[in-house]
Amino acid sequence: TEIYTLSLHDALPIYLQLADGNGRVVAHVGGLRLREASEAQIKEASRSEVQHLYRLEWRPVALGAVAEGQPLLVGGDGALAGRLGLDHVESIPALVARLDAGAALPSQIVFDHLAAPDGSMLVAAHAAASRGLAELQGILGEARLNETAVAWLTSGAVATGPDEGASGLSRAPLWGLVRSARAEHPDRRLQLVDVDAPLVDAALLRRLLATQAEPELALRHGAAMAPRLGRAGTGAGEPRRLAAGGTVLITGGTGELGREVARHLVDGHGVRHLVLTSRRGLATPGASDLVAELQGLGAQTIEVVSCDVADRDAVRSVLSGIGADRPLTGVFHLAATLDDGIVPQLTTERLERVLRPKVDGACHLHELTADLDLAAFVLFSSVAGLGSAGQANYAAANVFLNALAAERRHRGLAGQSLMWGLWEQGGVGMTDRKSVV
C-alpha cells in the first residue's frame, strides 16, 4: 500500500485514479478542488447539519421498456419459473455446471427469495442471510458472469410507507448484504426488487429488471416505487412520554452510545430507573463511574447487568427482574458488534457473529415485550444499512432492525429505528478498535 499526502496550495484541482494490483482502474475522481475552511464555516456547517433528520422515502417511478432475452430464475422451488414460463436452476453451482457444459450465458439472473425459509422468524432470517451471502460470493467469484445483470426478488422485505409493515421480515437482511456488495462493486448491476403480490406476468418482471436507473424497486398495488433520501417531517402526533416511575432498558448500555443515551434519558427526559445490559456488566471499564454520574443527574435506581442479548433466556431473566413497582416503559436496543470485511472475505461465522447481538437481541426483546404497553421501543440502526463497503454483515443486521420497527408499528406497537451515521468516537465499546459504524 502506498500512501500519498496531499497539501493545500493555491486551491489547485486534484485528479485521482485508483487501480488494483493488476492495473485495472477501480475508482477515479474527475476533479476535486480543496479549499481550507474557516472555523466559522465549520461551525455553521455543523449547526445546519444537526437541524434535520432524514428518512428513506419511496416514490413512484416509471418502469423501463421490456428488455430482450429471458431472465434465468435461480433458487426457490421452481413454482415461479413454471408460472412465468421461465428457465430455472436450483443454485449457483447448478448454473456453473450448465455453463461448463456449454450453455449460453443468461441475459439476466434472478434469485427467487419470495418464499421464506422454514422455521421461526429468527431461524428464517439467519437462513436467508446465509443463502444471500453464498449467492453473492458465487456470482462475484464467477468471471463469466461479470457482465450479467443480477437481481434478488423478495416479498415484504421492506416497508415503503408509514402504514406499511414488513411481512417478509426474514428476507430483510438480504437487502443489506446486496446494498453493501453494490457499494463494493459499483460496476456491477446488482438489483433488489420487492413485490406485494404474486407475479403472474413475465413481461412485468422483465420491465422491472429493465429499469436500470433504479437499483432498488418495490411493486405496490401495481405501481413501481424507488427509495429516495428526504428530510423527515415532524410525523403524526407527539411521541409518548416515558413515565418517570417506569424503567427503561438499554442494551449495550455501557458502550459509547449507550452511555450517552442513558445520560440523555436521565437529564433530558426525567427517567429515574434504568437497566443497562452489556456482556461484562459492572466489570465493564468505567461502569461504576457511569452509575455514579447518572445518580448525580437524578437517577434513583441503576442496574448494570451482564447479559448476552442473543440468549433468549438471558433476556427473559433481565425482564423478569424488573419490579412491578417500576414497570418497563421503554426499550432502547443498542447492543452490537463489528467484524468488517468485503463480501468475498466474509464467512457464515462472521455473518452470524454480527447478526446475533442486533437481530437475535431485537427479536427476543420484540417477542418478550409484545404484551406490554411500552411508550418506546427504539432500535439503533446505522446508515451502513443503505450500503457500506466492507460492512455487508453489519448492513444486513441493521436493515433487519429497520424492517422490524416498521412491522411493530404496523401491529400497533411502539417501534422506531434510528439510522445513525458517524459520531465523535471516544474509544469505548465498538469504537475501541477504531471501527467505523
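Whatever comes next refers back to the structure up there.
Undergrad: Provide a residue-level description of the side chain of aspartate 194, including the pertinent values.
TA: Following the sequence through the fold, aspartate 194 ends up in strand β8 (residues 190-195). Aspartate 194 sits in the buried class, given a relative accessible area of 0%. Only 3.0 Å separates the side chain of aspartate 194 from the backbone nitrogen of glycine 156, close enough to count as a polar contact. If we ignore the near neighbours within four places in the chain, the residues touching aspartate 194 are Thr154, Ser155, Gly156, Ala157, Val158, Trp175, Leu217, Ala218, Leu219 and Arg220.

Undergrad: Hey, could you go over the packing of helix α5 (residues 172-184) against helix α11 (residues 392-410) for me, with residue numbers and the actual values?
TA: In contact at an axis separation of 7 Å, α5 and α11 are set at 140 degrees when each is read in the N-to-C sense. One finds that α5 runs oblique with respect to α11. Handedness of the crossing formed by α5 with α11: right-handed. On α11, the residues touching Ala172, Pro173, Trp175, Gly176, Leu177, Arg179 and Ser180 of α5 are Ala392, Asn393, Ala395, Ala396, Val399, Phe400 and Ala403. Split into classes, the residues belonging to the contact of α5 with α11 amount to 10 nonpolar, 3 polar and 1 charged.

Undergrad: Give me the pairing of strand β12 (residues 273-278): which residues, what numbers.
TA: Two faces make up the sheet, and in a regular strand the side chains alternate between them. A large share of β12 lies buried, amounting to 6 of its 6 residues. Going residue by residue along β12, you find His273, Val275 and Thr277 tucked away on one face and Leu274, Leu276 and Ser278 tucked away on the opposite face as well. Relative to strand β13 (residues 301-306), β12 runs parallel, the two being bridged by 6 bridges. Bridge pairing links leucine 274 to isoleucine 302 in β13.

What counts as what
Residues numbered from 1 in each chain as written. Predicted model: local features only at pLDDT ≥ 70, side-chain atom pairs only at ≥ 80, totals over all residues. Heavy atoms only, no water. Helix = DSSP H or I, 4+ residues; strand = E, 2+ residues; numbered from the N terminus. Buried < 20%, exposed > 50% of the residue type's maximum accessible area, 1.4 Å probe, protein only. Polar contact = N/O pair within 3.5 Å; in protein donor to acceptor, adjacent residues only side chain to side chain. Contact = heavy atoms within 4.5 Å. Axes fitted to C-alpha atoms, helices over the stretch in contact; angles between N-to-C directions. Parallel < 35°, antiparallel > 145°, perpendicular 65-115°, else oblique. Left-handed = near helix turned anticlockwise from the far one by under 90°. Nonpolar A, V, L, I, M, F, W, Y, C, P; charged D, E, K, R; others polar. Pairing = 2+ DSSP bridges.

Interpretation in functional terms is not warranted from these geometric data alone.
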